[in-house]
Amino acid sequence: MLLKDIKAIYHKELDAHYAKEEVTSFFYLLVEHYLGWERFVLTIRPDIVVSKEQEQPFFEALSALRLHRPIQYIIGSTQFMDLDFFLNENVLIPRPETEELVRWVLEDVASTSPILGNQVTDKLEVGLSAIDLNQNSKAGELRLLDIGTGSGCIAVSLAKSLPRAELHALDVSIAALELAERNAKEHRVDIKFTQADIAHLESLGRPFDIIISNPPYVRELEKAEMHKNVLDYEPALALFVSNEHPLVFYEHIVRFSCKNLIPGGSLYLEINQYLAKETRLLLEKHNFTDIELRKDMFGNDRMLKAKLF
């Protein structure tokens, strides 16, 4: 069968459900995944033919896309911070907004060094050889914790950019940790993973310089705003909180951070855009200072940073 005919079938079957450009993107992602060909293959070889065996996974994927299964789960991977991550339905699909949170951490670490401060690349691949975050933490001894690591995208990205730091990551889900460990191994980074519920965790040894978290924060009442591919396939455990107690995970994270951040340590949080004021008040209540709110690329209140003195 001609590859261009499969592409035409994709548009015929899916254009009513997705934007035309999105369908084209799906198709070429699958071409790269199943055939290992670049997306311009049809430009240079418009009459390329695929075998019956080669075309079969395309039609299986088409059936899944009709049911709104996310393309990332279909191919079993996604990109985050220009790195490839294995993915499955035990973890959330990493969002570009979360990349902004990671970049904020890396920018702050880099800014503490006059040498590195002006050398942050687009990928923020900075080392720690010249970094001294504060007087309590020597260069190369920076300790960071990712709470609710999921696929490990935050922890692995930080570990890749900060190779001399000590990275820890925890999650309540054993299945999520298995995937995160696989991603850490794939990228050859050393991360200490812990299976634990932050609601009942008191300590992980020595205090941390930085704690970062993207916890569940979507209220049940917000489900009406969400797409079917999220509601039907992404893990509810990692997404939703009750309408009555929407900051429950932030309360546990803040409590833990009060006991497990060094003096002057920083807490970075991805937050619900509708609850920025309430989350800020929670930090103030627990004596965090230098609180800074940032909007994401879409103009939504999405990130908070605070210090503990």
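Each remark here, short or long, concerns the structure printed above.
Residues numbered from 1 in each chain as written. Predicted model: local features only at pLDDT ≥ 70, side-chain atom pairs only at ≥ 80, totals over all residues. Heavy atoms only, no water.

Tell me about the packing of aromatic side chains, residues and numbers included.
For the structure on display, the rule yields seven aromatic pairs. For the ring pair Tyr10 and Phe27, a centre distance of 5.7 Å and an interplane angle of 65° mean the geometry is edge-to-face. Here Tyr10 is found in helix α1 (residues 3-14), whereas its partner Phe27 is found in helix α2 (residues 20-35), with 17 residues between them in sequence. Neither Tyr10 nor Phe27 differs from the other in exposure class; each is buried. Look at Trp104 and Tyr268: their rings are 5.7 Å apart centre to centre, the planes differ by 80°, and that puts the pair in the edge-to-face class. Taken as a pair, Trp104 in helix α6 (residues 96-111) and Tyr268 in strand β9 (residues 261-270) lie far apart in primary sequence, 164 residues in all. (Phe/Tyr/Trp six-rings, centres within 6.5 Å; stacked < 30°, edge-to-face > 60°. Helix = DSSP H or I, 4+ residues; strand = E, 2+ residues; numbered from the N terminus. Buried < 20%, exposed > 50% of the residue type's maximum accessible area, 1.4 Å probe, protein only.)

I'd like a rundown of the pairing of strand β11 (residues 301-308), residues and numbers included.
The buried count for β11 comes to six of eight residues, which makes it a mostly enclosed element. Two elements, β9 and β11, share six bridges in a ladder whose sense is antiparallel. Across the sheet, Tyr268 pairs through a bridge with Lys305, a residue of β11. Where strand β10 (residues 288-295) and β11 come together, six bridges link them in antiparallel fashion. When the bridges of β11 are listed, Glu292 appears paired with Lys305. As consecutive antiparallel partners, β10 and β11 are separated by five residues, and within that stretch Gly299 has a phi angle of approximately 85°, a positive value. (Pairing = 2+ DSSP bridges.)

Describe in detail the environment of Thr194, supporting the description with residues and values.
The topology assignment puts Thr194 in strand β5 (residues 191-195). Counting along the chain gives 21 residues from Thr194 to Ser173, while the straight-line C-alpha distance between them is 9.9 Å. Residues contacting Thr194, with those up to four places away along its chain left out, are Ala169, Leu170, Asp171, Leu177 and Leu204. (Contact = heavy atoms within 4.5 Å.)

I'd love a proper account of helix α10 (residues 248-260), names of residues and values included.
An α-helical turn contains 3.6 residues, so any two residues separated by three or four positions project in the same direction. Counted at 1.5 Å a residue, the expected span for α10 with its 13 residues is 18 Å, and the 18 Å between its end C-alpha atoms agrees. Inspection of α10 places Tyr250, Ile253, Val254, Phe256, Ser257 and Asn260 among the buried residues, and these make up the whole buried set. All buried residues of α10 lie within an arc of 165° about the axis, which places them on one face of the element. If you follow the buried residues of α10, they end up packed against β3 (143-147), β6 (208-213), β9, α11 (276-285), β10 and β11. (Expected span 1.5 Å × (residues − 1). Arc of directions from axis to C-beta.)

Describe the packing of α10 against α11, with residues and values.
At a minimum axis separation of 10 Å, α10 and α11 run at an interaxial angle of 25°. Classified by the angle their axes make, α10 and α11 are roughly parallel. As for the relative orientation of α10 and α11, their crossing is right-handed in sense. Contacts from Tyr250, Glu251 and Val254 in α10 reach Thr279, Leu282 and Leu283 in α11. (Axes fitted to C-alpha atoms, helices over the stretch in contact; angles between N-to-C directions. Parallel < 35°, antiparallel > 145°, perpendicular 65-115°, else oblique. Left-handed = near helix turned anticlockwise from the far one by under 90°.)

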